[in-house]
Amino acid sequence: MIKKIAVIKGDGIGPEIVTEAMKVLDKVAEKYGHRFDYTQLLMGGASIDANGVPLTDETIAACKASDAVLMGSIGGDTNTSPWYKLPANLRPEAGLLGIRKALGLFANLRPCLLYKQLAGACPLKESIAAKGFDMLIMRELTGGLYFGERKTEEINGVMTAIDTLTYTEAEIRRIAVKAFEVAMKRRKKVTSVDKANVLDSSRLWRKVVNEVAKEYPEVTLEHMLVDNSAMQLVKDPAQFDVMVTENMFGDILSDEASMITGSIGMLPSASMNETKFGLYEPSGGSAPDIAGQDKANPIATILSAAMMLRYSFDMTDEADAVETAVEAVLDQGYRTGDIMSEGCTKVGCAEMGSLIAANI
Ligand code: NAD
């Protein structure tokens with residue numbers, strides 16, 4: 001297969017970690033007889049330096065002309081970088097919001113997997129960590145409370161702030177479909193999280209998710225209230241496969257879920273639209289404190305590339321091969337500084353990438 005990949009290396013550690021993901025993709029291409037054509041694009045701080053703006057129409061057009069986007073991270077040191085003296089709409093992060101909007105990316109996928117080799121970093125009780133967990137949180141990204149009308153005004157002499165939480169049936173349906181599609185590629189269980197005992201938007205959410213579920217008889221669906229979900233995540237995370245929820249609930253629960261893995265450098269993410277198109281990036285930021293020093297952990301970006309193979313290109317064996325190679329390298333005892341523990345061998349970003357590529 002020939003696939004066109006738009007590559008945004010970004011700022012800080014971005015160029016280092018994306019280079020390693022490309023090294024791994026090239027090995028996949030060689031082994032499985034594919035061709036990946038890369039188009040390198042600028043966004044964020046690098047684009048500000050070159051073009052005066054964090055995102056250009058050319059970058060958007062080139063992303064749209066590709067099958068998927070692989071991205072590093074955007075931004076610099078918010079205290080010292082001159083990028084943060086610019087107005088908010090010209091700062092690096094404005095590029096990130098702009099590209100998500102331009103590409104219609106409404107579903108954010110964050111897998112949270114506890115590697116048995118890194119179980120010591122999990123802050124949960126040993127008895128819970130020992131069971132392991134492997135879940136994916138799917139958060140609606142373009143609707144809900146964060147995008148509703150808001151205002152602060154004096155009503156009857158009292159200062160009053162109003163935020164509105166709106167979801168249309170179509171917005172709920174498209175994210176529900178995405179959740180069931182992804183569950184079909186995993187362990188075939190969906191937990192839909194809402195607050196249907198209080199909120200109208202949640203009651204509509206539940207009704208639409210139930211309708212979509214009828215199209216996926218192989219997938220087990222359960223509904224869970226958001227407060228209970230927050231508790232269950234730390235009590236018994238192994239019970240979850242795909243958790244789908246609205247924007248604000250997902251914002252909070254996905255951070256809680258990533259925290260219990262204990263290692264941000266290991267967490268990939270994807271943002272997708274209705275088609276198979278997606279933007280794949282590590283969950284962490286640009287880590288300016290370690291940029292350019294060959295210290296960054298490239299695994300989150302490499303696993304993001306594996307998600308691209310699985311969800312955008314339908315290359316299941318190839319994605320499995322990348323994930324298995326990551327496990328093998330961890331089993332062999334290699335660690336970057338952020339996940340280092342006694343008795344292991346410390347390696348840099350480039351060597352970690354080479355080791356993973358060699359295990360494919
Ligand atoms: P950060 O995630 O960049 O760094 C937090 C800590 O984690 C640092 O100590 C860093 O060294 C470490 N870290 C992060 N990724 C790592 C990796 N792959 N390997 C080893 N260590 C890693 O968060 P921050 O310092 O709050 O933000 C730095 C910049 O990144 C800011 O400009 C912020 O806006 C931006 N940011 C961008 C994205 C994105 O591009 N999607 C996301 C979050 C933050």
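Residues numbered from 1 in each chain as written. Predicted model: local features only at pLDDT ≥ 70, side-chain atom pairs only at ≥ 80, totals over all residues. Heavy atoms only, no water.

## Section: the nonpolar core
- In terms of nonpolar packing, the biggest core is built from 69 residues, with Phe-36, Leu-70, Leu-109, Met-138, Tyr-280, Leu-309 and Ile-356 touching the most fellow members.
- In terms of residues, this core owes the most to one element, helix α10 (residues 299–312), which gives nine residues.
- Three or more residues apiece are contributed to this core by two domains, here domain 1 (1–106 + 275–360) and domain 2 (123–260).
- Here Phe-36 is in contact with Lys-3, Ile-5, Leu-25, Val-28, Ala-29, Leu-309, Phe-313 and Met-315, once residues within four sequence places are set aside. (Core = buried A, V, L, I, M, F, W, Y, C linked by side-chain atoms within 4.5 Å. Buried < 20%, exposed > 50% of the residue type's maximum accessible area, 1.4 Å probe, protein only. Helix = DSSP H or I, 4+ residues; strand = E, 2+ residues; numbered from the N terminus. Domains from an automatic or database assignment. Contact = heavy atoms within 4.5 Å.)

## Focus on the pattern of salt bridges
- Enumeration according to the criterion identifies 25 salt bridges in this entry.
- The closest approach of N and O atoms between Arg-35 and Asp-37, which form a salt bridge, is 2.8 Å.
- Close ionic contact of Glu-211 with Arg-173 constitutes a salt bridge, the shortest N to O distance being 2.9 Å. Separated by 38 residues along the polypeptide, Glu-211 in helix α7 (residues 200–213) and Arg-173 in helix α6 (residues 169–184) bring together distant segments of the chain.
- For Arg-173, a relative accessible area of 30% puts it in the partly exposed group.
- By sharing partners, the salt bridges in this structure join Asp-134, Arg-186, Arg-187 and Asp-241 into a single network. (Salt bridge = Lys/Arg side-chain N within 4 Å of Asp/Glu carboxyl O.)

## Some remarks on the site of the ligand
- Residues in contact with the ligand amount to 20 residues; listed here are only the nearest, Ile-74, Gly-76, Glu-93, Gly-285 and Ala-287.
- In this structure, an oxygen atom belonging to the ligand sits 2.7 Å away from a main-chain N or O atom of Gly-76.
- At a separation of 3.0 Å, an oxygen atom of the ligand approaches a polar backbone atom of Ser-286.
- Summarising the interface, the protein chains cover 67% of the accessible area of the ligand, which totals 810 Å² for the free molecule. (Near = heavy atom within 4 Å. Polar contact = N/O pair within 3.5 Å; in protein donor to acceptor, adjacent residues only side chain to side chain. Areas by Shrake-Rupley, 256 points an atom, 1.4 Å probe, with all protein chains shown as cover.)

## Some details on the packing of aromatic side chains
- For the structure shown, the criterion picks out three aromatic pairs.
- Seen from their ring centres, Phe-36 and Phe-313 are 6.1 Å apart, and the 25 degrees between their planes marks the pair as stacked. With Phe-36 in strand β2 (residues 35–41) and Phe-313 in the loop between α10 and α11 (316–331), the pair connects residues that are 277 residues apart, well separated along the chain.
- The exposure class of Phe-313 is buried, given its relative accessible area of 3%.
- Relative to Tyr-216, the ring of Phe-180 lies with its centre 5.3 Å away and its plane at 20 degrees, an arrangement referred to as stacked. (Phe/Tyr/Trp six-rings, centres within 6.5 Å; stacked < 30°, edge-to-face > 60°.)

## Things to note about the packing of helix α1 (residues 14–32) against helix α12 (residues 349–358)
- For the pair α1 and α12, the least separation of the axes is 9 Å and the interaxial angle reads 15 degrees. Between α1 and α12, the angle falls in the class roughly parallel. The two elements α1 and α12 cross, and the hand of that crossing is right-handed. Of α12, the residues touching α1 (which contributes Glu-16, Ile-17, Glu-20, Lys-23, Val-24 and Lys-27) are Cys-349, Ala-350, Gly-353, Ser-354, Ile-356, Ala-357 and Ala-358. (Axes fitted to C-alpha atoms, helices over the stretch in contact; angles between N-to-C directions. Parallel < 35°, antiparallel > 145°, perpendicular 65-115°, else oblique. Left-handed = near helix turned anticlockwise from the far one by under 90°.)

## Examining helix α3 (residues 57–64)
- When we look at burial in α3, the residues that qualify are Thr-59, Ile-60 and Cys-63. Burial along α3 is one-sided: seen end-on, the buried residues are contained in an arc of 100 degrees. Exposed side of α3, more than 90 degrees from the buried face: Asp-57 and Glu-58 are the residues found there.
- Buried residues along α3 sit against β1 (2–10), β2, β3 (68–73) and α4 (92–102). (Arc of directions from axis to C-beta.)

## Overview of the side chain of Ser-66
- Tracing the chain through its elements places Ser-66 in the loop between α3 and β3.
- Within the structure, Ser-66 has its side chain in polar contact with the backbone oxygen of Ala-62 (distance 2.8 Å).
- Leaving out residues up to four positions away in the same chain, Ser-66 has contacts with Lys-4, Ile-5, Ala-6 and Phe-277.

## Re the domain arrangement of the protein chain
- If you check the domain split of the protein chain, you get domain 1 (1–106 + 275–360) and domain 2 (123–260).
- Each of domain 1 and domain 2 has a C-alpha centre, and these two points are 26 Å apart.
- Every contact between the two is made by eight residues of domain 1 and, on the other side, eleven residues of domain 2.
- There are one salt bridge connecting domain 1 and domain 2.
- On the surface where domain 1 and domain 2 come into contact, there are four residue pairs in polar contact (both at pLDDT 80 or more).
- Of the residues that constitute the side of domain 1 that touches domain 2, the class distribution is four nonpolar, one polar and three charged. (Nonpolar A, V, L, I, M, F, W, Y, C, P; charged D, E, K, R; others polar.)

## Some points on the side chain of Arg-139
- Note that Arg-139 resides in strand β5 (residues 134–140).
- Using a relative accessible area of 14% as the deciding quantity, one classes Arg-139 as buried.
- Not counting the four nearest positions on each side in its chain, Arg-139 is found in contact with Phe-106, Ala-107, Asn-108, Tyr-146, Ile-175, Thr-245, Glu-246, Asn-247, Gly-250 and Asp-251.

## Observations concerning the environment of Phe-133
- Its location among the elements puts Phe-133 in the loop between α5 (126–129) and β5.
- When the C-alpha positions of Phe-133 and Ser-47 are compared, they lie 39 Å apart, and in sequence the two are 86 residues distant.
- For Phe-133, the contacting residues outside a window of four places in its chain are Cys-112, Leu-113, Leu-114, Cys-122, Pro-237, Ala-238, Ile-260 and Thr-261.

## Re the packing of α6 against α7
- Two elements in contact, α6 and α7, have axes whose closest approach is 9 Å; the angle formed by their N-to-C orientations is 45 degrees. Judged by the angle between their axes, α6 and α7 are oblique. Relative to α7, the crossing made by α6 is right-handed. Residues Glu-169, Ile-172, Arg-173, Ile-175, Ala-176, Val-177 and Phe-180 of α6 form the contact with α7, whose own contacting residues are Ser-201, Leu-204, Trp-205, Val-208, Val-209, Glu-211, Val-212 and Ala-213.
- Considered class by class, the residues forming the contact of α6 with α7 number eleven nonpolar, one polar and three charged.

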